[in-house]
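Overview (structure and organization)
Residues per chain, in single letters:
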Amino acid sequence: MPTTILVSACLLGIHCRYDGAAKPDLRVKDFLIRKELIPIPVCPEQLGGLPTPRTPCRFAEGSGKEVITGNAEVFSRDGCRLTETFLVGAKETLEIARQCGCRLALLKERSPSCGVRQCYRGDHLLAGMGVTTALLAERGITVFSEEELDELEWCLQGSRFT
Ligand code: SF4
């Protein structure tokens, strides 16, 4: 049975970023083809109902982990509280993962939704997950960033996911 993997849509060339741009990553594309993975493109911020382009967002405190436990908030740069919107996007992404049988995700580093190891709090880049990554990880989905293709390859070689 083919292995599906959630992938941040911007990494696949979809123009869904806050500035209306894409962030296509040829290494990601080549990896997916080489490993015969079936990508399921998702943009949690669009799934939450945000427009494209949109004002970029940051954590006021904490990171995605604290947002999903109700202990932190996400704000747009112009001061709108968007915590609930980010949670809706994370839940919709989780539902897509369930529907498509994804137990793996490959998401865009440093995004307030998709970040895996780092995200912005105010103007500072700090350790922490995005909101969607935190929810997926909590529900047992193994998440890698586009900067962790070697780690994803090792994980696949462990054959737990194939
Ligand atoms: S929310 Fe994720 S998929 Fe959407 S633009 Fe941001 S990093 Fe890309």
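Placed above this text is the structure.
What counts and how
- In this convention, every chain numbers its residues from 1, walking through the sequence in written order.
- Given that this is a predicted model, residues contribute local features only at a pLDDT of at least 70 and side-chain atom pairs are listed and counted only at 80 or more, while totals for whole chains, interfaces and linings are drawn from all residues.
- Working from all heavy atoms in the structure, the side-chain values ignore hydrogens and water.
- In this analysis an axis means a line fitted to C-alpha atoms, helices contributing only their contacting stretch, and an angle means the value between N-to-C directions, from 0 to 180 degrees.
- Strands are runs of DSSP state E lasting at least 2 residues, helices are runs of H or I lasting at least 4, and numbering of each runs from the N terminus.
- In these notes the angle categories are as follows: under 35 degrees is roughly parallel, over 145 is roughly antiparallel, 65 to 115 is roughly perpendicular, and the rest is oblique.
- In this scheme, a crossing is called left-handed if the near helix is turned counterclockwise away from the far one by less than a right angle; it is called right-handed if the turn is clockwise.
- Only heavy atoms matter for contacts: two residues are in contact if any of them lie within 4.5 Å across the pair.
- By convention in this text, a residue qualifies as near a molecule or strand provided that one of its non-hydrogen atoms is within 4 Å of it.
- Ten residues, namely Ala, Val, Leu, Ile, Met, Phe, Trp, Tyr, Cys and Pro, are considered nonpolar, four, namely Asp, Glu, Lys and Arg, are considered charged, and the remaining ones, Gly among them, are considered polar.
- Whether a residue is buried, partly exposed or exposed follows from its accessible area with a 1.4 Å probe, protein chains only, as a fraction of its type maximum: under 20%, in between, or over 50%, in that order.
- This arc is taken over the directions from the axis of the helix to the C-beta atoms.
- Think of a polar contact as two N or O atoms within 3.5 Å of one another; within protein, one of them needs to be a possible hydrogen donor and the other a possible acceptor, and neighboring residues in sequence only count if both atoms come from side chains.
- The term disulfide is used for any two cysteine sulfur atoms that are within 2.5 Å.
- Pairing between strands is defined by DSSP: at least two bridges between the two strands are required.

**Details of the packing of helix 4 (residues 83-100) against helix 5 (residues 131-138)**
Where helix 4 contacts helix 5, the two axes come as close as 9 Å, and the packing angle between them is 45°. With respect to their mutual orientation, helix 4 and helix 5 come out oblique. Of the two elements, helix 4 crosses helix 5, and the hand of that crossing is right-handed. Here F86, L87, G89, A90, K91, T93 and L94 of helix 4 lie close against helix 5, whose contacting residues are V131, T132, L135 and L136.

**Description of the site of the ligand**
The environment of the ligand is formed by 14 residues, the closest being C10, C16, V42, C43 and C114. A class-by-class count of the residues in the shell around the ligand yields 7 nonpolar, 3 polar and 4 charged.

**Overview of helix 1 (residues 26-34)**
Within helix 1, the full set of buried residues consists of V28, F31 and L32. For helix 1, the angular spread of the buried residues around the axis is 95°, confining them to a single face. Residues of helix 1 that are exposed and point more than 90 degrees away from the buried face comprise L26, I33 and R34. Those residues of helix 1 that are buried lie in contact with strand 1 (3-8), strand 2 (37-42), strand 5 (104-107) and helix 6 (149-157). Put simply, D25 is the residue that caps the front of helix 1, since its side-chain oxygen is 2.9 Å from the backbone nitrogen of R27. Of the residues flanking the end of helix 1, it is E36, one or two places downstream, whose phi is positive at about 55°.

**Topic: the packing of helix 1 against helix 6**
Relative to each other, helix 1 and helix 6 sit at 10°, their axes nearing to 11 Å. Our classification of the angle between helix 1 and helix 6 gives roughly parallel. Across the interface between the two elements, R27, V28, F31 and R34 of helix 1 pack against L149, L152, E153 and L156 of helix 6. Looking at side-chain class alone, the contact of helix 1 with helix 6 contains 5 nonpolar, no polar and 3 charged residues.

**Thoughts on helix 5**
One turn of an α-helix holds 3.6 residues; hence residues three or four places apart share an orientation. When you tally the buried positions in helix 5, you get 6 out of 8 residues, the bulk of the element. Every buried residue of helix 5 is listed here: V131, T132, T133, A134, L135 and L136.

**Some points on the state of the cysteines**
Inspection of every chain in the model, using the stated rule, returns 0 disulfides. C57 takes part in no disulfide bond, and the closest cysteine sulfur to it belongs to C80, at a distance of 8.6 Å. Here C119 is not cross-linked by a disulfide; its sulfur's nearest cysteine counterpart is in C114, at 12 Å.

**Focus: the sheet that holds strand 1**
Two pairing modes exist for strands in a sheet, parallel and antiparallel, and in both the strands are linked by backbone hydrogen bonds. Read across the open sheet, the 4 strands follow the order 2-1-5-8; overall the sheet is parallel. Two strands bound the open sheet, and with one partner strand each, they are strand 2 and strand 8 (142-145). Averaged over all adjacent pairs, the angle separating strand axes in this sheet is 30°, with direction ignored. Relative to strand 2, strand 1 runs parallel, the two being bridged by 6 bridges. Its bridge partner lying in strand 2, T4 is registered against I38. Packed onto the sheet, helix 6 meets strand 1, strand 2, strand 5 and strand 8 and runs at close to 170° relative to strand 5.

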